[in-house]
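What follows is each chain in one-letter form.
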Amino acid sequence: MILLIISAAVLFIDSSVDNMNKLMPEISDGIVNGDSDYNEAVNLVNDKNYDESMNKAVSAGNNYNGSLEKLHLLQDNFTSDVNQVHKDYINSAISELELKIQAVDKLKDAIDCFEVNYNYTGTEYAYEANDFMDQSLEYRDARDSLVSKNPNLFKENFII
């Protein structure tokens, strides 16, 4: 009976790290695609193409939310073998995505305002969106710093 419990614990620990390694490429893709959609949405707003801009903003939000859900799944299943550096990396990515999602929400508010010619209010929302995106860069930089200071802890597919 004790051997069975120990075996199950080892499998669970291994699966925690394996899950991190398996999910990170998907998480990374979601962030990269979200960033691309967000930037396209901004360009489309500047071109006054509000319908397509809203579609891209929604897509960016969906990509960011998908990655955030996966990061929360990893965070909720941390085990004792997950070191503090990896925890800090995951937590920084979560904070980054939460800010990016707020930026998307403000961008969508801006688009709604621009569509009905509430340009002053739309511009205010756009500035708030930019501020959230700028704040998110601090967390990206923190993740990059963790990787550069601890290269032996990060596999190629782990890095977002």
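Structure report, in brief.

Cut-off values and rules
Residues numbered from 1 in each chain as written. Predicted model: local features only at pLDDT ≥ 70, side-chain atom pairs only at ≥ 80, totals over all residues. Heavy atoms only, no water. Helix = DSSP H or I, 4+ residues; strand = E, 2+ residues; numbered from the N terminus. Buried < 20%, exposed > 50% of the residue type's maximum accessible area, 1.4 Å probe, protein only. Contact = heavy atoms within 4.5 Å. Salt bridge = Lys/Arg side-chain N within 4 Å of Asp/Glu carboxyl O. Core = buried A, V, L, I, M, F, W, Y, C linked by side-chain atoms within 4.5 Å. Expected span 1.5 Å × (residues − 1). Polar contact = N/O pair within 3.5 Å; in protein donor to acceptor, adjacent residues only side chain to side chain. Axes fitted to C-alpha atoms, helices over the stretch in contact; angles between N-to-C directions. Parallel < 35°, antiparallel > 145°, perpendicular 65-115°, else oblique. Left-handed = near helix turned anticlockwise from the far one by under 90°. Nonpolar A, V, L, I, M, F, W, Y, C, P; charged D, E, K, R; others polar. Patch = residues over 30% accessible without salt bridge, like charges linked within 9 Å, V, L, I, M, F, W, Y side chains within 5 Å. Areas by Shrake-Rupley, 256 points an atom, 1.4 Å probe, with all protein chains shown as cover. Lys, Arg positive; Asp, Glu negative; His and termini not counted. Charge placed at Lys NZ, Arg CZ, Asp CG, Glu CD.

**Comments concerning the overall build of the protein chain**
Step number 1: When helices and strands are tallied, the protein chain shows four helices and zero strands.
Step number 2: Counting helices and strands in the order they occur from the N terminus, the protein chain gives α-α-α-α.
Step number 3: Going through the 160 residues of the protein chain one by one, you find that 37% of them count as buried.
Step number 4: Across the protein chain, every contact between residues at least 6 apart in sequence was considered, and the portion connecting residues at least 24 apart equals 77%.

**A closer look at the pattern of salt bridges**
Step number 1: Here the structure, examined in full by the defined rule, presents nine salt bridges.
Step number 2: For the salt bridge of K100 with E96, the shortest nitrogen-to-oxygen distance reads 3.1 Å. Here K100 pairs with E96, and both are found in helix α3 (residues 84-115), just four residues apart, close to one helical turn. Per residue, the accessibility class of K100 equals that of E96, and both read buried.
Step number 3: Here the residues in one salt-bridge network are D35, E96, K100 and R143, joined through shared partners.

**Some words on the nonpolar core**
Step number 1: By size, the foremost hydrophobic cluster in this structure holds 37 residues, and its most contacted members are Y38, Y64 and L107.
Step number 2: Those elements giving two or more residues to this core turn out to be α1 (2-46), α2 (50-76), α3 and α4 (119-149).
Step number 3: The greatest single-element share of this core, amounting to 14 residues, is contributed by α3.

**With respect to α3**
One turn of the α-helix equals 3.6 residues, which is why residues spaced by three or four share an orientation.
Step number 1: Look at α3: 46 Å from first C-alpha to last across 32 residues, which is about the 46 Å you get at 1.5 Å a residue.
Step number 2: For α3, the N-terminal capping position is held by N83, with its side-chain oxygen 3.0 Å away from the main-chain nitrogen of V85.
Step number 3: Positive phi shows up at N117, right after α3, with a value of about 65 degrees.

**So, unusual backbone geometry**
Step number 1: One non-glycine residue, K48, adopts positive backbone phi at about 65 degrees.
Step number 2: Position of K48 among the secondary structure elements: in the loop between α1 and α2.
Step number 3: Of note, N117 is a non-glycine position whose phi angle comes to about 65 degrees, a positive value.
Step number 4: Relative to the elements of secondary structure, N117 occurs in the loop between α3 and α4.

**Remarks on the packing of α3 against α4**
In helix packing, the relevant descriptors are the interaxial angle and the interaxial distance, both defined with respect to the helix axes.
Step number 1: Interhelical geometry of α3 versus α4 gives an angle of 165 degrees and a closest axis separation of 8 Å. By the angle between their axes, α3 is roughly antiparallel relative to α4. Judged by the twist between their axes, the crossing of α3 over α4 is left-handed.
Step number 2: Tallied by class, the residues present in the contact of α3 with α4 amount to 18 nonpolar, nine polar and eight charged.

**Observations regarding a negative patch on the surface**
Step number 1: A grouping of D51, E52, D112 and E115 is seen on the molecular surface, where their side chains present a negatively charged patch.
Step number 2: Taking the relative accessible area as the measure of exposure, D112 reaches 40% and is therefore partly exposed.

**Describing the packing of α2 against α3**
Step number 1: Contact geometry of α2 with α3 gives a least axis separation of 9 Å together with a crossing angle of 160 degrees. As the angle between them shows, α2 and α3 are arranged roughly antiparallel. Handedness of the crossing formed by α2 with α3: left-handed.
Step number 2: In the contact of α2 with α3, the residues fall into 18 nonpolar, seven polar and six charged.

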